[in-house]
Amino acid sequence: MRFFHRYNSTIHGNYRKAYLRCGVITGVLLILYILVRYMMGLTAESPVSYFSDGIMLLAVFLFTLLYRNALAEKKATLKELMLFGMGTAMVASILYGIFIWMLGFAIPQQTELFTNTLMKEGAFVEFPAHYWSALWGMVSTVFMALLGGFGAFIAALLFRNEKSEMRLRKATMNNVNNIKSK
């Protein structure tokens with residue numbers, strides 16, 4: 001367990017407030033994608049698609065970069081950027097999952113399309129539509145959270161510009177000083 005306590009990192013900004021704001025914006029973008037497609041008559045075949053994945057990844061990358069550049073000294077550690085990105089992804093994916101769930105209640109045809117596209121043909125008749133809408137809401141939440149977490153990790157690696165200070169134990173410091181004196 002000593003490995004986890006070796007680093008002393010500094011948090012430079014209010015990442016919680018920032019990830020709530022950015023997560024809501026990302027969630028709204030994901031929701032708008034599904035709504036616009038529905039309004040145009042081109043209903044989405046799946047709650048998780050390459051386009052929604054692109055929206056999530058692009059939003060996490062851009063908001064992470066904007067967050068780092070908004071800090072006072074424009075310095076951010078891996079830990080801070082990772083917490084910000086994971087928070088953004090979680091808030092967005094929860095909002096998106098709740099929307100997909102509510103969409104299934106409001107428009108059962110959309111849930112039927114999701115189910116017939118992603119499951120074997122005829123599976124929709126086995127359970128009522130509200131069961132399937134809850135399933136697709138949970139599935140989209142999990143997939144988007146995992147994808148957003150992966151994007152947050154990559155963004156944190158790319159955009160960090162300050163390394164955490166390493167804490168050494170006293171015995172280790174004595175060994176280092178003895179080696180230097182020889």
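So, here is what we can say about the structure in this document. (Residues numbered from 1 in each chain as written. Predicted model: local features only at pLDDT ≥ 70, side-chain atom pairs only at ≥ 80, totals over all residues. Heavy atoms only, no water.)

## Quick notes on the packing of helix H1 (residues 15–40) against helix H3 (residues 78–106)
Part 1 of the reasoning: Following both chains from N to C, one finds H1 and H3 inclined at 35°, their axes separated by 7 Å at the closest point. The element H1 and its partner H3 pack so that their crossing is right-handed.
Part 2 of the reasoning: Within the contact of H1 with H3, the residues separate by chemical class into 19 nonpolar, five polar and no charged. (Axes fitted to C-alpha atoms, helices over the stretch in contact; angles between N-to-C directions. Helix = DSSP H or I, 4+ residues; strand = E, 2+ residues; numbered from the N terminus. Left-handed = near helix turned anticlockwise from the far one by under 90°. Nonpolar A, V, L, I, M, F, W, Y, C, P; charged D, E, K, R; others polar.)

## Thoughts on the nonpolar core
Part 1 of the reasoning: Membership of the largest hydrophobic core comes to 20 residues, with the highest contact counts inside it found for Leu30, Ile34, Met56, Tyr96, Phe99 and Ile100.
Part 2 of the reasoning: At the level of elements, H1, helix H2 (50–70), H3 and helix H5 (129–159) are the ones that each hand at least two residues to this core.
Part 3 of the reasoning: Among the elements that line this core, the one with the most residues is H3, at six residues. (Core = buried A, V, L, I, M, F, W, Y, C linked by side-chain atoms within 4.5 Å. Buried < 20%, exposed > 50% of the residue type's maximum accessible area, 1.4 Å probe, protein only.)

## Here we look at the side chain of Glu80
Part 1 of the reasoning: By the secondary structure assignment, Glu80 is in helix H3.
Part 2 of the reasoning: Of the side chains bearing the opposite charge, Lys79 lies closest to the buried Glu80, which forms no salt bridge; the N-O distance is 9.5 Å.
Part 3 of the reasoning: A polar atom in the side chain of Glu80 sits 2.6 Å from the side chain of Tyr67. (Lys, Arg positive; Asp, Glu negative; His and termini not counted. Salt bridge = Lys/Arg side-chain N within 4 Å of Asp/Glu carboxyl O. Polar contact = N/O pair within 3.5 Å; in protein donor to acceptor, adjacent residues only side chain to side chain.)

Everything listed is a geometric property; what it means functionally is a separate question.
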